[in-house]
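# Commentary on secondary and tertiary structure
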Amino acid sequence: MEKRKILKELKYSLEVTALRNWAILYNVLILGVTGFFALMDGIDQANTHIAAGITLALTLVPLNGYYIVRFWKIFRSPEYYKVYKAKLSQPKGGAFRDTIRFTVLLEDAEDRFVVDTHSIFRTRSFAGPLLVDYVNQIVTIAYNDRTEEVVVIG
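Residues numbered from 1 in each chain as written. Predicted model: local features only at pLDDT ≥ 70, side-chain atom pairs only at ≥ 80, totals over all residues. Heavy atoms only, no water.

### Things to note about the overall build of the protein chain
- Secondary structure assignment for the protein chain yields four helices and seven strands.
- What you see in the protein chain, going N to C, is helices and strands ordered as α-α-α-β-β-β-β-β-α-β-β.
- Whereas a compact globule of 154 residues would reach a radius of gyration of roughly 15 Å, the protein chain reaches 19 Å, over 25% beyond that.
- Taking the principal axes of the C-alpha coordinates as reference, the protein chain spans close to 70 × 30 × 20 Å.
- Here the protein chain holds 154 residues, and the buried ones make up 34% of them.
- Accessible area of the protein chain: about 9500 Å², with a carbon and sulfur share of 60%.
- When the 19 positive and 16 negative side-chain charges of the protein chain are each reduced to one mean point, those points stand 2 Å apart. (Helix = DSSP H or I, 4+ residues; strand = E, 2+ residues; numbered from the N terminus. Rg over C-alpha atoms; globule rule 2.2 N^0.38 Å. Buried < 20%, exposed > 50% of the residue type's maximum accessible area, 1.4 Å probe, protein only. Areas by Shrake-Rupley, 256 points an atom, 1.4 Å probe, with all protein chains shown as cover. Lys, Arg positive; Asp, Glu negative; His and termini not counted. Charge placed at Lys NZ, Arg CZ, Asp CG, Glu CD.)

### Description of a negative patch on the surface
- A cluster of acidic side chains, namely Asp108, Asp111, Asp145 and Glu148, defines a negative patch on the protein surface.
- Within the secondary structure layout, Glu148 lies in the loop between β6 (138-144) and β7 (149-152).
- For Glu148, a relative accessible area of 60% translates into the label exposed. (Patch = residues over 30% accessible without salt bridge, like charges linked within 9 Å, V, L, I, M, F, W, Y side chains within 5 Å. Salt bridge = Lys/Arg side-chain N within 4 Å of Asp/Glu carboxyl O.)

### As for the nonpolar core
- In this structure, Leu10, Leu88, Val104, Leu106, Phe121 and Ile141 are the most contacted members of the largest nonpolar core, which totals 35 residues.
- Here the element with the most residues in this core is helix α2 (residues 14-39); it accounts for six residues.
- Once you skip the residues sitting within four places of it in the chain, Leu10 turns out to touch Val16, Ile74, Phe75, Pro78, Tyr81, Ala142, Val151 and Ile153. (Core = buried A, V, L, I, M, F, W, Y, C linked by side-chain atoms within 4.5 Å. Contact = heavy atoms within 4.5 Å.)

### A short note on the environment of Gln137
- Turning to its location among the elements, Gln137 is positioned in the loop between α4 (131-134) and β6.
- Remark: the alpha-carbon pair of Gln137 and Ala86, spanning 51 residues in sequence, is separated by 8.2 Å.
- Filtering out sequence-adjacent residues up to four positions away, Gln137 remains in contact with Ala86, Lys87 and Leu88.

### Focus on the sheet that holds β7
- Reading across the sheet, the three strands line up as β1-β6-β7 and stay open at both edges, with antiparallel pairing between neighbours. What marks the edges here is a single partner per strand, and that holds for β1 (81-87) and β7. Adjacent strand axes in the sheet meet at a mean angle of 30° when their direction is disregarded.
- Bridge count between β6 and β7: four bridges; the pairing is antiparallel. (Pairing = 2+ DSSP bridges. Axes fitted to C-alpha atoms, helices over the stretch in contact; angles between N-to-C directions.)

### Notes on unusual backbone geometry
- At Ser77, a position not held by glycine, the phi torsion is positive, near 55°.
- Mapping Ser77 onto the fold places it in the loop between α3 (45-75) and β1.
- Assessed through its relative accessible area of 23%, Ser77 is described here as partly exposed.
- You will see that Asn136, though not glycine, has its phi angle at about 65°, which is positive.
- In this fold, Asn136 is placed in the loop between α4 and β6.

### What about α2?
- Look at α2: 37 Å from first C-alpha to last across 26 residues, which is about the 38 Å you get at 1.5 Å a residue.
- Among the residues making up α2, those that are buried are Leu14, Glu15, Val16, Ala18, Leu19, Trp22, Ala23, Asn27, Thr34 and Ala38. (Expected span 1.5 Å × (residues − 1).)

In structure tokens, the structure reads:
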């Protein structure tokens, strides 16, 4: 597939959109809560600011590191992605609470293999693709055979 076309599909895919939305949501929540506590007048305001800075460092650095690595993995070697149609019919528990991934069969004229999507689907959420909207639906999936990366396009 043409590199420019696959990059556009990856950029606007269900998976990248969900990751972007969660990254924004979590960053805003952490910054908001930390900012609220930093602005509170306390007995010792310097300690409050130090605690807020430590909280930001301990929460935002790993969180954003995770998202940077995920985006890097998705967009690495885009010229090797192949696009498939697959049915999301075998949900499995995901890496975190209320997250779901699917085992899907990808096939074309040359090959047939089974892969797992990432845990981007949620059983309940206001900021992500819900399981009930995608179970037993046929979606487009991009698979990079060099990096073994699976991306749900939508």
